[in-house]
Amino acid sequence: MKIEEAIQQSTFRTERERLLVNLTYTYTRIQFKMNEELKAFGLSAPQFNALRILKGQHPKPASVKLVMERMLDVSSNASRLVDKLVEKKLVERKSCDHDRRQVDVLITKKGLEIVSQATTALNSMIESLTMKDEEARMFNDMLDVIRDQILTSKPINK
């Protein structure tokens with residue numbers, strides 16, 4: 001379905017405006033679908049992301065700062081996320097050996113199992129993409145360019 005049909009808007013000022021609306025619309029639909037899948041595991045998308053980061057660090061601990069730096073959603077509150085994951089017994093907090101002010105976070109066995117199961121469930125979304133690897137590579141390159149240009153653009157003061 002074309003973006004014009006999806007949002008019932010017949011025209012855009014430019015193709016670039018259409019692109020940004022299309023990316024935003026597509027992102028929100030992907031997030032909605034991911035959240036539906038993750039709900040079965042009692043996880044939100046940011047919690048899943050944090051668990052994946054910790055799984056990548058496993059068996060080494062990670063600081064909350066490291067988790068925050070690697071989060072996909074830059075607005076996520078990593079400390080609060082870690083607290084919720086501790087409550088669910090998916091991660092543990094430990095005092096850092098070399099810096100008492102720092103708290104290390106370790107994924108638990110239960111956390112490893114949950115993130116593995118959730119990843120398997122989400123892989124069906126990845127497999128539903130029928131584009132070829134070269135097409136995906138080109139699209140990824142274009143997204144990198146868009147992100148770099150948007151993040152480095154200066155705000156227009158009116």
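The next subject is helix 6 (residues 109-127). For the α-helix, the turn length of 3.6 residues means that residues three or four positions removed from each other point alike. Its 19 residues give helix 6 an end-to-end C-alpha distance of 27 Å, which sits within 8% of 27 Å, the value for a rise of 1.5 Å per residue. Roughly 25 degrees is the biggest bend found in helix 6, and it falls at A121. Of all the residues in helix 6, the buried ones are G111, I114, V115, A118, A121, L122 and M125. Along its buried surface, helix 6 packs onto helix 2 (15-39), helix 3 (45-57) and strand 3 (103-107).

Spatial ordering of the open sheet is given by 1-3-2, a layout of three strands whose pairing is antiparallel. Of all strands in the sheet, those bounded by a partner on one side alone are strand 1 (62-63) and strand 2 (91-95). Here strand 2 runs beside strand 3; their pairing, made up of five bridges, is antiparallel. Looking at the pairing, K94 lines up with D104 of strand 3. Running over the sheet, helix 3 touches strand 1, strand 2 and strand 3 and is turned about 90 degrees from strand 3.

Membership of the largest hydrophobic core comes to 27 residues, with the highest contact counts inside it found for L43 and L51. The leading source of residues in this core is helix 3, at six residues. Those residues in contact with L43 that lie beyond four places of it in its chain are L38, F48, L51, L85, K88, L90, I114 and A118.

Close contact between helix 3 and helix 5 (residues 78-87) brings their axes to 10 Å; oriented N to C, the two are set at 85 degrees. If you check the angle between helix 3 and helix 5, you find them roughly perpendicular. Facing P46, Q47, A50 and L51 of helix 3, the residues of helix 5 in contact are L81, K84 and L85. Among the residues making up the contact of helix 3 with helix 5, the classes are represented as five nonpolar, one polar and one charged.

Per-residue confidence for the chain averages 90 on the pLDDT scale, and 96% of its residues sit at or above 70. Confidence, expressed as mean pLDDT per element, reaches its minimum in the chain at strand 2 with 87 and its maximum at helix 3 with 95.

A word on the packing of helix 2 against helix 6. Helix packing for two helices is described by the angle between their axes and how far apart those axes are. Relative to each other, helix 2 and helix 6 sit at 145 degrees, their axes nearing to 10 Å. The two elements helix 2 and helix 6 cross, and the hand of that crossing is right-handed. Together, I30, K33, M34, E37 and L38 of helix 2 and A118, A121, L122 and M125 of helix 6 make up the contact between the two elements. When grouped by side-chain class, the residues that make up the contact of helix 2 with helix 6 number seven nonpolar, no polar and two charged.

Conventions we followed
- Every chain is numbered independently, its residues counted from 1 as its sequence is written.
- Two thresholds apply to this predicted model, a pLDDT of at least 70 for residue-level local features and 80 or more for giving and counting side-chain atom pairs, whereas whole-chain, interface and lining totals are computed over all residues.
- Just so you know, side-chain values use all the structure's heavy atoms and leave hydrogens and water out.
- Helical segments are the DSSP runs of H or I of at least four residues, strand segments are the runs of E of at least two, and each set is numbered from the N terminus.
- Helix span is expected to be 1.5 Å times the residue number reduced by one.
- Two axes enter the bend calculation: one fitted to the seven residues ending at the residue in question, the other to the seven starting there, and the bend is the angle between them.
- Type-normalised accessible area, obtained with a 1.4 Å probe on protein chains alone, sets the label of each residue: buried when under 20%, exposed when over 50%, and partly exposed for intermediate values.
- The contact rule is simple, with two residues in contact once any of their heavy atoms fall within 4.5 Å.
- When DSSP locates at least two bridges between a pair of strands, those strands are taken to pair.
- Interaxial angle, 0 to 180 degrees, is taken between N-to-C directions of lines fitted to C-alpha atoms, where a helix line uses only the stretch in contact.
- Buried Ala, Val, Leu, Ile, Met, Phe, Trp, Tyr and Cys residues form a nonpolar core when they are joined through side-chain atoms within 4.5 Å.
- Angle categories are assigned with fixed cut-offs, so that under 35 degrees is roughly parallel, over 145 is roughly antiparallel, 65 to 115 is roughly perpendicular, and the rest are oblique.
- Following the grouping adopted for this structure description, the nonpolar residues are Ala, Val, Leu, Ile, Met, Phe, Trp, Tyr, Cys and Pro, the charged ones are Asp, Glu, Lys and Arg, and the polar ones are all others, Gly among them.
- Values of pLDDT, which run from 0 to 100, indicate the predictor's confidence residue by residue.
- By definition, any crossing whose near helix is turned counterclockwise from its far helix by less than a right angle is left-handed, and any crossing with a clockwise turn is right-handed.

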